[in-house]
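Residue-level structure breakdown
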Amino acid sequence: MDDATVAMDTPLTPRCFHNESIAFFYNRSGKALASDWSGVSRLVLGLGVAVCAFIMAANLLVMAAIYANRRLHFPIYYLMANLAAADFFAGVAYLYLMCNTGPNTRRLTVSTWLLRQGLIDTSLTASVANLLAIAVERHVTVFRAQLHSRMSRRRVVVVIAVIWTLSIATGAIPGAGWNCICALETCSNMAPLYSNSYLVFWATFNLAAFGVMLALYARIFVYVRRRTLGARRRRNGGGGSASGGGGGRRSRDTMMSLLKTVVIVLGAFIVCWTPGLVLLLLDVSCARCTILTYEKFFLLLAEFNSAMNPIIYSYRDKEMSATFRQILCCRRWRGRGNGNGGTSLSNAGGGGGTEGSDRSASSLNNAALSAGNERRGNEHSAV
């Protein structure tokens, strides 16, 4: 009697299938596995590779813009740069997927298949964790009446390190053992080597994070609306001058513009990823549902999300959009005004550019404290 027979006859020793082919798992789950390239498959592959190239180039541009422009050297923009890094990583993960999909899936081993899926899981977790960190940062700054967080760069680096540690660990969990290779009855239909329990955990965790972020932003908007209405009543009742409240209104407009930008980014992410996560839950809970028909469509929708953020920044953030143009035109910042209020983007001159931006941010923060302190904030800005 050989070892495999002993393993099957012994109830306490589960049989594992590490050496089986990918076709074995796909056939058992009922998921189709292509044997050759069709015309449609080649078209999808070409479009997918092109989208991946755009994702990586566009998010590299975002990271370069935040690095080059000293006026963007604040915690919120560092977190946005890290979100761009997560999207860049998603582009790499999707490119690896495109090169190992269709008929090429048959050539994968169990380890390389788990690597392919783990890269996508890591990129999604990194994006979700970044968006959650941005939501917390905006919540703290708004309720402290600041335009930018006073969190030190060291703390930002720690936050970023925690995000990537958590993301890599989450993506590595299935390869480390939380899979169905030794328990075929728990295999998923959409991801034939993944355990149903892991998919439930992963999808539920991400959907719960979406809910937390939506709750944070809803609380922020309610708070800001109340503050704005209260300031308007006090201004009307006290007969405050338009010039006295101009600085406060400008700072609130700046704060709300940045807040709306990150909310649009979050909204696009939720719209693009929620259908796929819900599909994973249906795969586990609804045996009669024909979900595999929609899998590729929702995966493509999720892929496009990684290309959206640079486009959103181009339309919503004038400072970042101007920096994009400067980089694409191969121009240098020499301390001259950029047309946005006469402020400069300087790569030279030591700390002058940073000092100027810090002074500007300080005046905006003070102006945003309350409507009753607007005049004092304007005096500080004038200094």
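Up top is the structure these notes are about.
The paragraphs below set out a description of the structure included in this document. Bear in mind that the values here come from a model prediction, so they are computed numbers and not experimental data.

About the cut-offs
Residues numbered from 1 in each chain as written. Predicted model: local features only at pLDDT ≥ 70, side-chain atom pairs only at ≥ 80, totals over all residues. Heavy atoms only, no water. Buried < 20%, exposed > 50% of the residue type's maximum accessible area, 1.4 Å probe, protein only. Helix = DSSP H or I, 4+ residues; strand = E, 2+ residues; numbered from the N terminus. Arc of directions from axis to C-beta. Core = buried A, V, L, I, M, F, W, Y, C linked by side-chain atoms within 4.5 Å. Contact = heavy atoms within 4.5 Å. Disulfide = S-S within 2.5 Å. Phe/Tyr/Trp six-rings, centres within 6.5 Å; stacked < 30°, edge-to-face > 60°.

1. Thoughts on helix α2 (residues 22-29)
Regarding α2, the residues found buried are Ile22, Ala23, Phe25, Tyr26 and Ser29. Here the buried residues of α2 occupy an arc of 160 degrees about the axis, which is enough to place them on one side. In the segment just after α2, Gly30 is the residue with positive phi, at about 85 degrees.

2. Quick notes on the nonpolar core
With 79 residues, the main nonpolar core has Tyr77, Met80, Trp113 and Met320 as its most contacted residues. If you list the elements that add at least two residues to this core, you get α2, α3 (39-68), α4 (75-99), α5 (110-143), α7 (196-238), α8 (242-285), α9 (295-316) and α10 (318-328). Here Trp113 is in contact with Ile22, Tyr26, Thr105, Leu108, Ala191, Pro192, Leu193 and Tyr194, once residues within four sequence places are set aside.

3. Quick notes on the state of the cysteines
Inspection of the entire model under this criterion finds 2 disulfides. Covalently, Cys180 is tied to Cys187 through a disulfide, its sulfur atoms 2.0 Å apart. Because the torsion about its S-S bond is 100 degrees, the bridge between Cys180 and Cys187 counts as right-handed. When sorted by exposure, Cys180 lands in the same class as Cys187, which is buried. Here Cys52 is not disulfide-linked; the sulfur of Cys99 is the nearest cysteine sulfur, at 8.3 Å. A relative accessible area of 0% means that Cys52 is categorised as buried. Cys329 takes part in no disulfide bond, and the closest cysteine sulfur to it belongs to Cys330, at a distance of 7.6 Å.

4. Structural notes on the packing of aromatic side chains
Counted according to the given criterion, the structure contains 13 aromatic pairs. Judged by centre distance (5.4 Å) and plane angle (70 degrees), the ring pair of Trp178 and Tyr198 falls under edge-to-face. Note that Trp178 is positioned in the loop between α6 (153-176) and α7 and Tyr198 in helix α7, a separation of 20 residues in sequence. An angle of 35 degrees between the planes, with centres 6.2 Å apart, marks the rings of Phe269 and Trp273 as tilted. In this pair, Phe269 and Trp273 are both assigned in helix α8, 4 residues apart and thus about one turn of the helix distant.

Interpretation in functional terms is not warranted from these geometric data alone.
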